[in-house]
Amino acid sequence: MAKYIYLNGELVAPEDAKISVLDHGVLYGDGVFEGIRAYNGRVFRLDQHLHRLYDSAHVIHMQIPLSVAEMEQAVVETVRANALRDCYIRLVVTRGPGDLGLDPRRCPRPTVIIIADSIELYPQRYYDEGLHVITCATRRNSPEALDPSIKSLNYLNNIMAKIETVQAGVPEGIMLSSEGYVAECTGDNIFVVQHGEVLTPPMSVGNLAGITAQVTMEILREMDIPVAAENFRILTAYTADEVFLTGTAAEIAPVVQVDGRKIGDGKPGEITRKIHERFHQITQIEGTPVYG
Ligand code: PMP
């Protein structure tokens, strides 16, 4: 449990971290957020996470009341106040308190929340044995209606899909675009490996530009493994040699079964394992230092 939570410029005890019921984050899911991790006393890819947060806020016409440098400082101070070296950081900026109508002009000041806490990781057996996933019936939000590249507090689309995975007894689920292309998972991006080449859906299909996916691309280039962002259907995943998921919480997670079809030889793939190994190395040396 976090000792201190950052709320609008102050570090307060969790029991004092309270926001208004008139906050439009509560009333409408109006706001943006980030899920970030610290490893070994360093916040991993903080710049990229803040960039995505400020971009998301810009798209929804919300002015975050801190500069990027101030926000960076606030994140670092929150981790330090909790004396954490390895943790998950949830950064939330809501539209702030207003009235009962939709109009964001009635919300003069966004609410800024930073929670740093220990994380609930996937169990080690998921990495050793691989995950089983399903394709969800719930389609990913259409980018023409609400672009999934905005990391907004409106996560109902993902939650509906997550409920399907819970009912199916699997830890993740693949979400398709309304055209039937593979888009992403409920909280992770997806990659497939076929004949030594790696494919991942392009952002234009409607997905989040994952930071872990970006690091994965860098690792693949470093390893001289060809990678392309191209649309593909679920059948491509069924017949792939390897499938893996990427995300801040999951890191690089091997998938060994999709909708009951065995992937490759049914064991985590070699390329997946190598990427995860390199990812782990990078997280141990890179990042914004918390303790000087
Ligand atoms: N897609 C969705 C819908 C997500 O919620 C997340 C987690 N933020 C991701 C992909 C993975 O993104 P990242 O690697 O930045 O955590």
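The structure we're discussing is the one just above.
Structural notes, computed from the coordinates. What you see is a predicted model; the values in this text were computed from it and never measured.

## Quick look at the overall build of the chain
Phase 1 of the analysis: Looking only at helices and strands, the chain has eight helices and 16 strands in total.
Phase 2 of the analysis: At 19 Å, the chain has a C-alpha radius of gyration in line with the 19 Å of a compact globule built from 292 residues.
Phase 3 of the analysis: Summarising its shape, the C-alpha atoms of the chain cover approximately 55 × 45 × 30 Å along the three principal directions.
Phase 4 of the analysis: Split into buried and exposed, the 292 residues of the chain put 51% on the buried side.
Phase 5 of the analysis: Long-range pairs, those at least 24 residues apart, make up 70% of the contacts in the chain between residues at least 6 apart in sequence.
Phase 6 of the analysis: About 13800 Å² of surface is accessible on the chain, with carbon and sulfur atoms providing 53% of the total.
Phase 7 of the analysis: A distance of 2 Å separates the average location of the 26 positive side-chain charges in the chain from that of its 38 negative side-chain charges.

## Thoughts on the pairing of strand β14 (residues 251-258)
Phase 1 of the analysis: Across the eight residues that make up β14, a large majority, seven, are buried.
Phase 2 of the analysis: As judged from the three bridges shared by strand β7 (residues 131-135) and β14, these two strands associate in the parallel manner. Bridge pairing in β14 places Leu-131 opposite Val-255.
Phase 3 of the analysis: Sheet topology places strand β13 (residues 242-247) next to β14; five bridges connect them, and they run antiparallel. In the strand pairing of β14, Leu-245 is matched with Ala-253.
Phase 4 of the analysis: Following β13, the chain reverses through three residues before pairing antiparallel with β14.
Phase 5 of the analysis: Of the strand pairs in this sheet, β14 and strand β15 (residues 261-262) are connected by two bridges, and their pairing is antiparallel.

## With respect to the side chain of Glu-34
Phase 1 of the analysis: Locating Glu-34 in the fold gives a position in strand β3 (residues 31-39).
Phase 2 of the analysis: When its relative accessible area of 0% is taken as the criterion, Glu-34 is described as buried.
Phase 3 of the analysis: Here His-49 takes part through its side chain, which lies 2.7 Å from a polar atom of the side chain of Glu-34.
Phase 4 of the analysis: A polar atom in the side chain of Glu-34 sits 2.8 Å from the side chain of Arg-52.

## A closer look at the packing of aromatic side chains
Phase 1 of the analysis: By the definition in use, this model includes six aromatic pairs.
Phase 2 of the analysis: Aromatic pair Tyr-122 and Tyr-126: ring centres 5.1 Å apart, planes at 75°, arrangement edge-to-face.
Phase 3 of the analysis: According to the relative accessible area criterion, Tyr-122 is partly exposed, its value standing at 21%.
Phase 4 of the analysis: For Tyr-126, a relative accessible area of 17% corresponds to the buried category.
Phase 5 of the analysis: Seen from their ring centres, Phe-191 and Phe-244 are 5.0 Å apart, and the 5° between their planes marks the pair as stacked. Here the residue Phe-191 occupies a position in strand β10 (residues 189-194), and Phe-244 occupies one in strand β13, the gap between them amounting to 53 residues.
Phase 6 of the analysis: For Phe-191, a relative accessible area of 0% puts it in the buried group.

## Concerning the site of the ligand
Phase 1 of the analysis: Taken together, 17 residues lie around the ligand, and Tyr-155, Glu-184, Ile-211, Thr-212 and Thr-248 are the ones closest in.
Phase 2 of the analysis: A distance of 2.9 Å separates an oxygen atom of the ligand from a polar side-chain atom of Arg-52.
Phase 3 of the analysis: In the model, a nitrogen atom of the ligand is placed 2.6 Å from a nitrogen or oxygen of the Glu-184 side chain.
Phase 4 of the analysis: Notes on the ligand: free accessible area 380 Å², of which the protein chains cover 95%.
Phase 5 of the analysis: Among the secondary structure elements, those contributing two or more residues to the shell around the ligand are α6 (211-222) and β13.
Phase 6 of the analysis: Within the shell around the ligand, the residues separate by chemical class into three nonpolar, nine polar and five charged.

## Some words on the sheet that holds β3
Phase 1 of the analysis: In space, the seven strands of this open sheet follow the order β2-β1-β6-β5-β3-β4-β16, with antiparallel pairing throughout. A strand with exactly one partner marks an edge of an open sheet, and here the two such strands are β2 (10-12) and β16 (288-289).
Phase 2 of the analysis: By the bridge criterion, seven bridges tie strand β5 (residues 87-94) to strand β6 (residues 111-117) in an arrangement that is antiparallel. Within the sheet, the bridge partner assigned to Tyr-88 lies in β6 and is Asp-117.

## Comments concerning α6
Phase 1 of the analysis: Taking 1.5 Å of rise per residue, the 12 residues of α6 would be expected to cover 16 Å, and the 17 Å separating its terminal C-alpha atoms lies within 8% of that figure.
Phase 2 of the analysis: Within α6, the full set of buried residues consists of Ile-211, Thr-212, Ala-213, Val-215, Thr-216, Met-217, Ile-219 and Leu-220.
Phase 3 of the analysis: Asp-224, located one to two residues past α6, shows a positive phi value of around 60°.

## Section: the nonpolar core
Phase 1 of the analysis: Counting residues in each nonpolar core, the largest one holds 29 residues, and the members touching the most others are Val-43, Leu-53, Met-71, Ile-89, Leu-91, Val-93 and Ile-114.
Phase 2 of the analysis: If near-sequence neighbours (up to four positions away) are discounted, Val-93 is found in contact with Gly-31, Val-32, Leu-53, Met-62, Ile-64, Met-71, Pro-110, Thr-111 and Val-112.
Phase 3 of the analysis: Among the nonpolar cores identified, the runner-up in size contains 23 residues, and Tyr-127, Leu-131, Val-133 and Val-192 belong to it.

Calculation rules
Residues numbered from 1 in each chain as written. Predicted model: local features only at pLDDT ≥ 70, side-chain atom pairs only at ≥ 80, totals over all residues. Heavy atoms only, no water. Helix = DSSP H or I, 4+ residues; strand = E, 2+ residues; numbered from the N terminus. Rg over C-alpha atoms; globule rule 2.2 N^0.38 Å. Buried < 20%, exposed > 50% of the residue type's maximum accessible area, 1.4 Å probe, protein only. Contact = heavy atoms within 4.5 Å. Areas by Shrake-Rupley, 256 points an atom, 1.4 Å probe, with all protein chains shown as cover. Lys, Arg positive; Asp, Glu negative; His and termini not counted. Charge placed at Lys NZ, Arg CZ, Asp CG, Glu CD. Pairing = 2+ DSSP bridges. Polar contact = N/O pair within 3.5 Å; in protein donor to acceptor, adjacent residues only side chain to side chain. Phe/Tyr/Trp six-rings, centres within 6.5 Å; stacked < 30°, edge-to-face > 60°. Near = heavy atom within 4 Å. Nonpolar A, V, L, I, M, F, W, Y, C, P; charged D, E, K, R; others polar. Expected span 1.5 Å × (residues − 1). Core = buried A, V, L, I, M, F, W, Y, C linked by side-chain atoms within 4.5 Å.

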